[in-house]
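Secondary and tertiary structure notes
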Amino acid sequence: MMMTYMKTTAVFCFFALMMLCACHSATAGMSQTDTMTPQEAYEGVSNYCHSEYDWSPAENDSTTMYVAMGDETDAEYKVIFRSYTGAFVYFYVDKASGKARMVEHVPFLDIDNEVGTINIRDYLKK
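So, here is what we can say about the structure in this document. (Residues numbered from 1 in each chain as written. Predicted model: local features only at pLDDT ≥ 70, side-chain atom pairs only at ≥ 80, totals over all residues. Heavy atoms only, no water.)

**Side note on the sheet that holds strand 2 (residues 76-82)**
Ordered by their spatial adjacency, five strands build an open sheet running 1-2-3-4-5, and the pairing between neighbours is antiparallel. Here the strands that pair on one side only, and so sit at the sheet edges, are strand 1 (66-72) and strand 5 (111-119). Going across the sheet, the axis of each strand differs from the next one's by a mean of 25 degrees, ignoring polarity. Two strands pair when backbone bridges link them, and strand 1 and strand 2 are joined in this way by five bridges, in the antiparallel orientation. Looking at strand 2, one finds that Tyr66 is bridged to Arg82. The strands touched by helix 2 (residues 38-52) within the sheet are strand 1, strand 2, strand 3 (88-94), strand 4 (99-106) and strand 5, with strand 1 carrying the most contacts at an inclination of about 145 degrees. (Pairing = 2+ DSSP bridges. Helix = DSSP H or I, 4+ residues; strand = E, 2+ residues; numbered from the N terminus. Axes fitted to C-alpha atoms, helices over the stretch in contact; angles between N-to-C directions. Contact = heavy atoms within 4.5 Å.)

Here it is as structure tokens:
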């Protein structure tokens, strides 16, 4: 009985140690340099918008559709996409993770809608 208890304890300790090592190695390579830059936030949003939206209305007039940097806080960047319809999509990009919360704003109706999240890092060219 005592031997079974010791084996069980040893197996538990082994797996606990493995989990701790795995967590440490996943975060060990992360440093302050992994923080997203404003250029990366802009590039990622621009790449996303160019892949998801039809840009043909902007071929003759670049002011109808564009991507621009907005405000910045300690935690996030705001990147703005303007559609040819006049609607805006605000991308609130978390500096640490690269995850972006998207909020669509329709000025004419004064409506804001959360439309999803993406990871901006997925849209950066490697």
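Next comes the rest of the account.
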